Amino acid sequence: MGVKSKAAVAILVLLLFLGSLWLQGSLDYHWDSCLKGYNQGNTLHQLYNSSVADGAEGPQVREGCPGQTFQVSLLLSHLLAAPTSTSDVLLQPYLSSWDELVRFMEALGPVVGIISKEIKTKTSIIRQLALLADGNPEAELGPDIHSVNSVSTEAGAKNNQEASQPTGAYHSVRSMIWIERNRGVVDFHHQTDSGCRTLLRLHRALQWLQLFLEKLAETPAAGRLRSPSELCREAYQSTLAHHHTWFVRTAAELAFTAMPERGFFFRLVCVQSQEELSSTLTRVAQAIGEVYDRTQKALEENGMLNLP
């Protein structure tokens with residue numbers, strides 16, 4: 001079967017299982033976003049490059065990639081802004097990281113783009129919960145342009161970023177967990193529309209993407225570079241597949257055969273070689289790892305790694 005035929009079959013199969021579970025949370029919400037997206041412009045591109053340029057190994061990540069909706073430097077700036085000095089994760093930059101990861105997935109074509117729609121729905125759920133909890137439009141987990149513009153150093157960036165976050169119930173992962181547990185929103189035996197349950201589904205998907213990027217960054221000492229579709233399938237089998245039914249696993253793995261070839265990823269992150277791609281994606285994967293580990297610890301401490 002040719003590549004185009006595989007892609008057509010993959011898309012068809014994927015459409016057939018959209019009614020089944022994806023992030024083990026099912027497609028139980030409408031795809032239309034209920035809140036506006038997050039778009040912060042070029043300021044955070046500058047923030048990222050100024051914060052990691054000193055002592056960074058390898059070529060500096062390009063600030064802007066012309067013609068691309070996805071911008072790797074913007075993704076990195078959000079990821080670096082999310083961890084706090086108290087081992088917490090700020091939800092505003094966390095969700096903004098997902099906004100950029102959605103653009104990354106959408107760039108890979110309709111197969112992965114369909115998956116990204118479920119991610120959009122889940123980030124919108126948490127944003128809407130933040131609005132409802134505080135009853136204040138300013139509590140929305142969207143951009144904070146003024147505080148970002150005031151950043152000039154790495155230390156100042158972190159302090160200003162943390163100080164500028166909404167101080168309501170949903171300003172961080174741990175504050176959301178605390179408020180939802182105390183309000184009885186989280187049910188450990190039945191599905192609920194809680195932010196914690198939604199976060200868990202995003203958390204699992206984040207591990208999948210982290211592992212995929214790590215594999216894509218690998219440069220074997222000898223032998224061929226494996227195809228992105230093979231690497232993505234392996235990452236899926238090690239992560240999200242554990243939470244999916246047999247039918248979903250089978251359909252998803254078939255769908256990954258339509259993944260673009262490696263050269264596409266060079267263009268997507270504006271690099272010219274595997275060495276540059278490895279350097280860039282390793283930075284992204286490490287930043288994702290920091291956010292993932294903190295979120296994992298918070299969920300684990302509260303017994304929320306297996307919410308229904």
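None of these values were measured; they are calculated from a predicted model.

Draft legend 1. The arrangement of the overall build of the protein in detail. Of regular secondary structure, the protein possesses 13 helices and 0 strands. Secondary structure of the protein in N-to-C order comes out as α-α-α-α-α-α-α-α-α-α-α-α-α. Here the protein holds 308 residues, and the buried ones make up 53% of them. Taking the contacts inside the protein whose residues are at least 6 apart along the sequence as the reference set, 75% of them involve residues at least 24 apart.

Draft legend 2. Main features of helix α10 (residues 228-238). For α10, every residue scored as buried is listed here: P228, S229, E230, L231, C232, A235 and Y236. In this fold, the buried residues of α10 make contact with α9 (195-217), α11 (246-255) and α12 (262-268).

Draft legend 3. Spatial organisation of unusual backbone geometry. In this structure, S87 takes a positive phi of about 60 degrees despite not being glycine. Tracing the backbone through its elements, the reader meets S87 in the loop between α3 (72-81) and α4 (91-107). We classify S87 as partly exposed; its relative accessible area is 39%.

Draft legend 4. Fine view of the pattern of salt bridges. Following the criterion strictly, the structure yields 10 salt bridges and no others. Across the pair E100 and R103 runs a salt bridge, and its minimum N-O distance is 2.6 Å. Pair noted here: E100 and R103 are both in helix α4, with a separation of 3 residues, about one helical turn. Exposure remark for R103: the relative accessible area of 22% places this residue in the partly exposed category. Members of the salt-bridge network, linked through shared partners, are K215, R224, R226, E230 and E234.

Draft legend 5. Quick peek at the packing of α9 against helix α13 (residues 274-301). Running from amino to carboxyl end, α9 crosses α13 at an angle of 155 degrees, the nearest separation of the two axes being 8 Å. Judged by the inter-axis angle, α9 sits roughly antiparallel to α13. Judged by the sense of rotation from one axis to the other, the crossing of α9 with α13 is left-handed. Here the residues of the contact of α9 with α13 are counted per class, giving 14 nonpolar, 9 polar and 1 charged.

Draft legend 6. Highlighting α13. Taking 1.5 Å per residue, 28 residues should reach 40 Å; α13 reaches 39 Å between its end C-alpha atoms and fits that length. Positive backbone phi, approximately 65 degrees, marks G303, located one or two places after α13.

Draft legend 7. Summary view of the packing of α3 against α13. Interhelical geometry of α3 versus α13 gives an angle of 25 degrees and a closest axis separation of 9 Å. By the angle between their axes, α3 is roughly parallel relative to α13. Where α3 crosses over α13, the two elements pack in a sense that is left-handed. Contacts from V72, L75, L76 and L79 in α3 reach T280, R283, V284, A287, I288 and V291 in α13.

Draft legend 8. Representation of the packing of aromatic side chains in the model. Scanning the model with the defined rule gives 6 aromatic pairs in all. With a centroid separation of 5.9 Å and 90 degrees between ring planes, the pair formed by F264 and F265 is classed as edge-to-face. Look at F265 and you get buried, because its relative accessible area is 3%. Grouping aromatic residues by their ring pairs yields a cluster made of F70, F104, F212, F264 and F265.

Draft legend 9. Representation of the confidence of the model for the protein in the model. Summary statistics for the protein give a mean pLDDT of 77 and a share of 69% for residues scoring 70 or more. Segment residues 24-58: pLDDT under 50, and 91 contacts once partners within four positions in sequence are set aside and those in other chains are kept.

Draft legend 10. View of the environment of M304. Here M304 lies in the segment after α13. Sequence separation between M304 and V186 is 118 residues; the distance between their C-alpha atoms is 9.1 Å. In contact with M304, other than residues within four places in its own chain, are I177, R181, V186, F188, C196, L200 and L299.

Draft legend 11. Structural context of the side chain of R262. Along the polypeptide, R262 turns up in helix α12. Salt bridges are absent for the buried R262, whose nearest opposite-charge side chain, E261, sits at 7.3 Å. In terms of polar contacts, R262 uses its side chain to reach the backbone carbonyl oxygen of L216, at 3.1 Å. Look past the residues within four positions of R262 in its chain and what remains in contact with it is L216, L225, R226, P228, L231, Q274 and L277.

Draft legend 12. Main features of the environment of T84. On the secondary structure map, T84 appears in the loop between α3 and α4. Distance from T84 to R294, taken between C-alpha atoms, is 9.7 Å for residues 210 residues apart in sequence. Side chain to side chain, T84 and T86 meet in a polar contact 2.9 Å long.

Draft legend 13. Representation of the environment of S73 in the model. Within the fold, S73 resides in helix α3. By relative accessible area, S73 is classed as buried at 0%. Taking the C-alpha atoms as reference, S73 lies 9.3 Å from T280; in sequence the two are 207 residues apart.

What counts, and at which threshold
Residues numbered from 1 in each chain as written. Predicted model: local features only at pLDDT ≥ 70, side-chain atom pairs only at ≥ 80, totals over all residues. Heavy atoms only, no water. Helix = DSSP H or I, 4+ residues; strand = E, 2+ residues; numbered from the N terminus. Buried < 20%, exposed > 50% of the residue type's maximum accessible area, 1.4 Å probe, protein only. Contact = heavy atoms within 4.5 Å. Salt bridge = Lys/Arg side-chain N within 4 Å of Asp/Glu carboxyl O. Axes fitted to C-alpha atoms, helices over the stretch in contact; angles between N-to-C directions. Parallel < 35°, antiparallel > 145°, perpendicular 65-115°, else oblique. Left-handed = near helix turned anticlockwise from the far one by under 90°. Nonpolar A, V, L, I, M, F, W, Y, C, P; charged D, E, K, R; others polar. Expected span 1.5 Å × (residues − 1). Phe/Tyr/Trp six-rings, centres within 6.5 Å; stacked < 30°, edge-to-face > 60°. pLDDT = per-residue confidence, 0-100. Lys, Arg positive; Asp, Glu negative; His and termini not counted. Polar contact = N/O pair within 3.5 Å; in protein donor to acceptor, adjacent residues only side chain to side chain.

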